[in-house]
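# Descriptive analysis of the structure
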Amino acid sequence: MKTSTLAYRGLQALGWLRDRADDISSTFTLGWSHTALWLKAAAVAGGLATAALLLGWAGGLGLQAAHALPWPTQKVADPTGLLATVDQPVRHYLNTHTAQLPVTATTAYALWQAIGALALVLGFCRSSGGRILWLLWGAFTVAAVFTATPAPGREVAAAIAALGWAALSLLALRGISLSPTAFIHVHVPAPPAPPAPQVHTTVHVPHPAPAPPVLKPFDPQQPPSLN
């Protein structure tokens with residue numbers, strides 16, 4: 001009895017595997033629209049997992065590249081002090097506001113540099129996403145400079161940061177025109193409507209048939225009519 005039960009369950013398992021194999025083979029012959037639901041769910045879940053792994057890998061590479069940037073502003077010659085006027089408040093702002101975060105101030109500073117460079121390049125290539133990122137990056141930079149600069153020179157430092165950001169925006173936002181678009185109205189007359197059909201109604205009234213002659217009784221005394 002147990003042997004027959006095991007054999008029956010084995011046949012059920014083989015049938016289930018055969019049905020799943022048929023679902024997979026029908027995917028290649030009938031297309032995605034006729035694919036079994038379990039295959040679609042597996043494909044979506046696998047795609048999301050792969051995308052998450054790729055994003056994590058790309059993010060790790062981006063952070064490593066940001067750490068290895070060869071142009072930290074502390075080592076750049078700045079005889080005018082304009083670059084330090086913007087860079088030092090941003091660095092101080094990040095040092096202050098990352099003390100309680102898992103990310104270090106060095107990583108945040110490198111990420112700030114990398115995002116600014118990437119947004120500038122993408123904006124120059126007329127990427128809409130890059131230009132939005134450039135606007136957000138510039139707004140954050142000006143706000144950080146205004147917040148972290150001591151009170152006596154706060155407005156001047158923020159103005160220098162805003163002017164530098166505006167100067168670089170000539171490259172990042174090239175091709176954008178703020179002038180209103182001219183609309184030329186061209187009036188195209190509608191084609192003349194076809195003439196309305198004229199309906200003529202003709203009523204034919206039948207003429208009454210002549211009345212039959214009235215026959216009078218024959219009078220032998222009356223002479224016959226010549227008509």
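Residues numbered from 1 in each chain as written. Predicted model: local features only at pLDDT ≥ 70, side-chain atom pairs only at ≥ 80, totals over all residues. Heavy atoms only, no water.

Here we take up the side chain of serine 169. One can find serine 169 in helix α6 (residues 154–172). Of note is the side chain of serine 169, whose polar atom sits 2.9 Å from the side chain of tryptophan 134. Excluding residues that lie within four positions of it along the chain, serine 169 makes contacts with Trp134 and Arg174. (Helix = DSSP H or I, 4+ residues; strand = E, 2+ residues; numbered from the N terminus. Polar contact = N/O pair within 3.5 Å; in protein donor to acceptor, adjacent residues only side chain to side chain. Contact = heavy atoms within 4.5 Å.)

Another aspect to go through is the packing of helix α3 (residues 82–97) against α6. Packing of α3 against α6 brings their axes to within 10 Å, and their N-to-C directions diverge by 105°. Comparing their axes, α6 and α3 come out roughly perpendicular. Here α3 contributes Leu82, Thr85 and Val86 to the contact with α6, which in turn contributes Ala157, Ile160 and Ala161. Among the residues making up the contact of α3 with α6, the classes are represented as 5 nonpolar, 1 polar and no charged. (Axes fitted to C-alpha atoms, helices over the stretch in contact; angles between N-to-C directions. Parallel < 35°, antiparallel > 145°, perpendicular 65-115°, else oblique. Nonpolar A, V, L, I, M, F, W, Y, C, P; charged D, E, K, R; others polar.)

Looking now at the side chain of threonine 141. The residue threonine 141 is located in helix α5 (residues 128–148) in this model. If sequence neighbours within four positions are ignored, threonine 141 has contacts with Val86, Val90 and Trp112.

Under the criterion given, the structure shown has 1 salt bridge. Aspartate 87 is paired through a salt bridge with arginine 91; the nearest N and O atoms lie 3.9 Å apart. Residue aspartate 87 and its partner arginine 91 are both found in helix α3; the two are separated by 4 residues, about one turn of the helix. You can call aspartate 87 buried: its relative accessible area is 6%. (Salt bridge = Lys/Arg side-chain N within 4 Å of Asp/Glu carboxyl O. Buried < 20%, exposed > 50% of the residue type's maximum accessible area, 1.4 Å probe, protein only.)

Along the polypeptide, leucine 133 turns up in helix α5. Distance from leucine 133 to leucine 118, taken between C-alpha atoms, is 8.9 Å for residues 15 residues apart in sequence. Residues within four places of leucine 133 in sequence aside, it is in contact with Ile115 and Ala119.

Moving on to the packing of aromatic side chains. Considering all chains together, one arrives at 4 aromatic pairs under this definition. For the pair tryptophan 134 and tryptophan 137, a centre-to-centre distance of 5.2 Å together with 20° between the ring planes defines the contact as stacked. Note that tryptophan 134 and tryptophan 137 are positioned in helix α5 at a spacing of 3 residues, about one turn of the helix. Cluster of aromatic residues (ring-pair linked, three or more members): Tyr109, Trp112, Trp134 and Trp137. It is arginine 91 that lies over the ring of tyrosine 109; its NZ or CZ is 3.8 Å from the centre. The cationic tip of arginine 174 hangs over the ring face of phenylalanine 124; the distance from NZ or CZ to the ring centre is 4.3 Å. (Phe/Tyr/Trp six-rings, centres within 6.5 Å; stacked < 30°, edge-to-face > 60°. Lys NZ or Arg CZ within 6 Å of the ring centre and 35° of its normal.)

Turning to the nonpolar core, a few remarks are in order. With 15 residues, the main nonpolar core has Val90, Leu94, Trp112, Trp134, Val145 and Ala161 as its most contacted residues. Going through the elements one at a time, α3, α4 (105–124), α5 and α6 are the ones with two or more residues in this core. Here this core gets 5 residues from one element, more than from any other, and that element is α5. Not counting residues up to four positions away in its chain, the partners in contact with leucine 94 are Ala105, Ala108, Tyr109, Trp112 and Phe140. (Core = buried A, V, L, I, M, F, W, Y, C linked by side-chain atoms within 4.5 Å.)

On the surface, Leu11, Leu14, Trp16 and Leu17 cluster together to form a nonpolar patch covering roughly 460 Å² of accessible area. The residue tryptophan 16 is located in helix α1 (residues 2–30) in this model. (Patch = residues over 30% accessible without salt bridge, like charges linked within 9 Å, V, L, I, M, F, W, Y side chains within 5 Å. Areas by Shrake-Rupley, 256 points an atom, 1.4 Å probe, with all protein chains shown as cover.)

It is worth spelling out α6 at this point. In a regular helix each residue adds 1.5 Å, so 19 residues correspond to 27 Å; α6 covers 26 Å between its end C-alpha atoms and thus fits that length. Buried residues of α6: Ala157, Ala158, Ala161, Ser169 and Ala172, and no others. One side of α6 carries all its buried residues, which in axial view fall inside an arc of 115°. Turned more than 90 degrees away from the buried face of α6 sit Glu155, Val156, Leu163 and Leu170, all of them exposed. Of the surrounding secondary structure, the elements contacted by the buried residues of α6 are α3, α4 and α5. (Expected span 1.5 Å × (residues − 1). Arc of directions from axis to C-beta.)

Next up on the list: the packing of α3 against α4. α4 packs onto α3 with a crossing angle of 135° between their chain directions and a minimal axis gap of 9 Å. Between α3 and α4, the angle is such that the two are oblique. In this structure, the crossing between α3 and α4 has a hand that is right-handed. Counting all contacts with α3, which are made through Asp87, Val90, Arg91, Leu94 and Asn95, the residues of α4 involved are Ala105, Ala108, Tyr109 and Trp112. Looking at the contact of α3 with α4, its residues break down into 6 nonpolar, 1 polar and 2 charged. (Left-handed = near helix turned anticlockwise from the far one by under 90°.)

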